[in-house]
Structures are given as structure tokens and as C-alpha cells.
Amino acid sequence: MPMSPLAGRVIQLAYDPGISPKGGGLPGLSVLKNVVNSINLFGIVAAVGALAVSLAVWAWGRHTGGHQAEANGKNGAVVAAGAAIGLGAANGIIAFFSSLGSQVH
């Protein structure tokens, strides 16, 4: 049974809706980029502060023999370092997965 033209068009839309990211489509894009950049910078500064506090707690726990404080300091240092890696690599991670997603057909 042959397909109707409308059914063929619906199937084509299901496979390729023709949507792709385009800069400049909406007003305020530069403002949004500035806001996100500021949030990213704030997160990096907070990670530096968290790392400094965690390292101080780790050293204090080690010096005083407080095993719980030492463990908490180590955990905090790892979390702060991971947050810094994630914040610093955010653009690359998003670009990688966006590129990967655009290859799906």
C-alpha cells in the first residue's frame, strides 16, 4: 500500500525536525552568557575557599590526632578539587556531548 504524502512528511519530521542551535536568535543572549560566566567564576572562587578550609581541617586533624577531622578534611579536599575540575571543564564537557549528540541520526 503506498504512503500518502502527509504520512511521508510526518515520518520525515520524526527523523529530522530541522532544529539546530543558532546564536543571536533571542535578545539577551549576551546578558545570559555574562550571568553564567559570573556564576562559574563564583563557583571556582568558592571551590578555592572550600579547598583551603578542607586542607586546614585535614592538617588540624592530623596534628591533633582527630581521625574524624582528618577524614573530613580529606573528603572536603577531594570534593573541592572535583568541583574545580567540573567548573573548569564545563565548556568542554558540554561542547563534547553537544557534538556527540549532533552526530546521532
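Conventions we followed
Residues numbered from 1 in each chain as written. Predicted model: local features only at pLDDT ≥ 70, side-chain atom pairs only at ≥ 80, totals over all residues. Heavy atoms only, no water. UniProt positions renumbered as here; feature names shortened; annotations may be inferred. Helix = DSSP H or I, 4+ residues; strand = E, 2+ residues; numbered from the N terminus. Axes fitted to C-alpha atoms, helices over the stretch in contact; angles between N-to-C directions. Parallel < 35°, antiparallel > 145°, perpendicular 65-115°, else oblique. Left-handed = near helix turned anticlockwise from the far one by under 90°. Nonpolar A, V, L, I, M, F, W, Y, C, P; charged D, E, K, R; others polar.

**Quick word on the UniProt feature "transmembrane region" (unreviewed entry) in the protein chain**
Stage number 1. Within this structure's numbering, the places UniProt gives as "transmembrane region" (unreviewed entry) are residues 39-60 and 80-100.
Stage number 2. With 100% helix and 0% strand, the stretch residues 39-60 has end C-alpha atoms that lie 31 Å from each other.
Stage number 3. Overall, residues 80-100 shows 95% helix and 0% strand. The separation of its end C-alpha atoms is 28 Å.

**With respect to the packing of helix α2 (residues 29-64) against helix α3 (residues 67-88)**
Stage number 1. Viewed as axis vectors pointing N to C, α2 and α3 meet at an angle of 160°, and their least axial separation amounts to 7 Å. The angle between the axes of α2 and α3 places the two elements in the roughly antiparallel class. As for the relative orientation of α2 and α3, their crossing is left-handed in sense.
Stage number 2. Residues belonging to the contact of α2 with α3 are distributed by class as follows: 14 nonpolar, 6 polar and 3 charged.

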